[in-house]
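Listed here are the chains, written in short residue letters.
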Amino acid sequence: MDPVTLDPVDRGVLHALQIDGRAPLRTIAAVIGVSENTVARRYQRLRSAGVVRVAGVVNGARLGYTAWTLRLQCTPDAATAVAAALAARPDTSWVYLLSGGTEIACSTQSRTVGEWDELLLSKLPRTRRVTSVSAHSILRITASPYRWSGLTWLDADQVAQLTPAPGVTDDSPMVLEFADHALLEALGRDGRMGYAELASLTGWSDSTVKRRMEHLRRAGVLTYFLDVPAAALGFGVEARLWMRVRPSRLATTAETIARHPEVSFAAVTTGSSNLVAAVNCRDNADLYRYLTERVSALDAVRDVETAPVIRTVKRAAALLPA
């Protein structure tokens, strides 16, 4: 990522794309009060600098998949290679190197028990330099990076003008068609790819591509994630927190944590630590204040394990069913 300074127009463009990653540039321009050419130049500048990427992301829950968060301990010489191998898998996201560079955290989604067993019981143990693995099933997500408040810039009226129409509320699993795979793979690389290019990759017409994308989006299968490094927004310290919370207060504590502006992700999980969170702070002093003032004020939290993020290997990515 090249160094770049964000001005109010840049922040407006980023927040607009967080709300709707496929929003036309002319719509964004009208909402934030600048010309379409200005928005186009700013977007291309930020994209070329590695500050922004819009990715089409598949919601595995709508396909009946199970989400997990993993923690791996590795020998010092292996963590980078293991993290890269995990990041190369289409079913992983949010792959981090933590602490002293010997621990990896990542999220993954599995289609079947057999697929999960193959990864957890077969593939990972074969790597001798992985010394331990702990897996936690994600039971409920209370804060999502797709709506992290660190990107907030526009006012409520501007947000309303950009917010897409709500999708369906049916929670029953949906089955993808075979022809959806090429579409989702392409959108995973570039969520703003044009309809003509998508048509050439799928063999569909432009109008068919547009209708299918809208259907997948309204069904809750496809969403668009604005991939922006937290450091570009002035948050120089990222960390993962694993908390043990009293079960009777777990739901309310998870919701409280989710409302903290430092938190970009929070979820209730299985395991000895039953609440996990990703936090973004300005610096170490800010992280210290967050832990000692915000987290410590939550009486139901029995203990907290904090692991600073040393390197982000992979953020959101499309899940591509076989």
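Structure: above.
Residues numbered from 1 in each chain as written. Predicted model: local features only at pLDDT ≥ 70, side-chain atom pairs only at ≥ 80, totals over all residues. Heavy atoms only, no water.

A. Layout of the pairing of strand β1 (residues 53–58). For β1, the tally of buried residues reaches five of six residues, placing the bulk of the element in the interior. Pairing of β1 with strand β6 (residues 222–227) involves six bridges; the strand directions are antiparallel. For R53, the partnering residue across the bridge sits in β6 and is D227. (Buried < 20%, exposed > 50% of the residue type's maximum accessible area, 1.4 Å probe, protein only. Helix = DSSP H or I, 4+ residues; strand = E, 2+ residues; numbered from the N terminus. Pairing = 2+ DSSP bridges.)

B. Main features of the layout of surface pockets. Size it by volume and the second largest pocket reaches roughly 160 Å³. If you trace the second largest pocket, you find 13 residues lining it, with A231, F235, G236, E238 and T312 closest to the centre. Among the elements of the structure, β7 (237–245) and β10 (301–314) are those that each provide at least two residues to the lining of the second largest pocket. Per element, the largest residue contribution to the lining of the second largest pocket is four residues, and it comes from β10. Considering only residue class, the lining of the second largest pocket consists of eight nonpolar, two polar and three charged. (1 Å grid on protein atoms, 1.4 Å probe; cavity = no way out; pocket = protein on both sides within 12 Å on 5 of 7 lines; lining within 4 Å. Points joined across faces, edges and corners; volume = space filled by probe spheres on them. Nonpolar A, V, L, I, M, F, W, Y, C, P; charged D, E, K, R; others polar.)

C. Looking closely at the state of the cysteines. Across all of its chains, the model carries zero disulfides by this definition. A disulfide-free cysteine, C74 has its sulfur positioned 10 Å from the sulfur of C106, the nearest such atom. For C74, a relative accessible area of 6% corresponds to the buried category. (Disulfide = S-S within 2.5 Å.)

D. A look at helix α1 (residues 8–19). Its 12 residues give α1 an end-to-end C-alpha distance of 17 Å, which sits within 8% of 16 Å, the value for a rise of 1.5 Å per residue. Across the 12 residues that make up α1, a large majority, 10, are buried. Of the residues making up α1, those classed as buried are D10, R11, G12, V13, L14, H15, A16, L17, Q18 and I19. Capping the start of α1 is the job of one residue whose side-chain oxygen sits 3.1 Å from the backbone nitrogen of V9: D7. (Expected span 1.5 Å × (residues − 1). Polar contact = N/O pair within 3.5 Å; in protein donor to acceptor, adjacent residues only side chain to side chain.)

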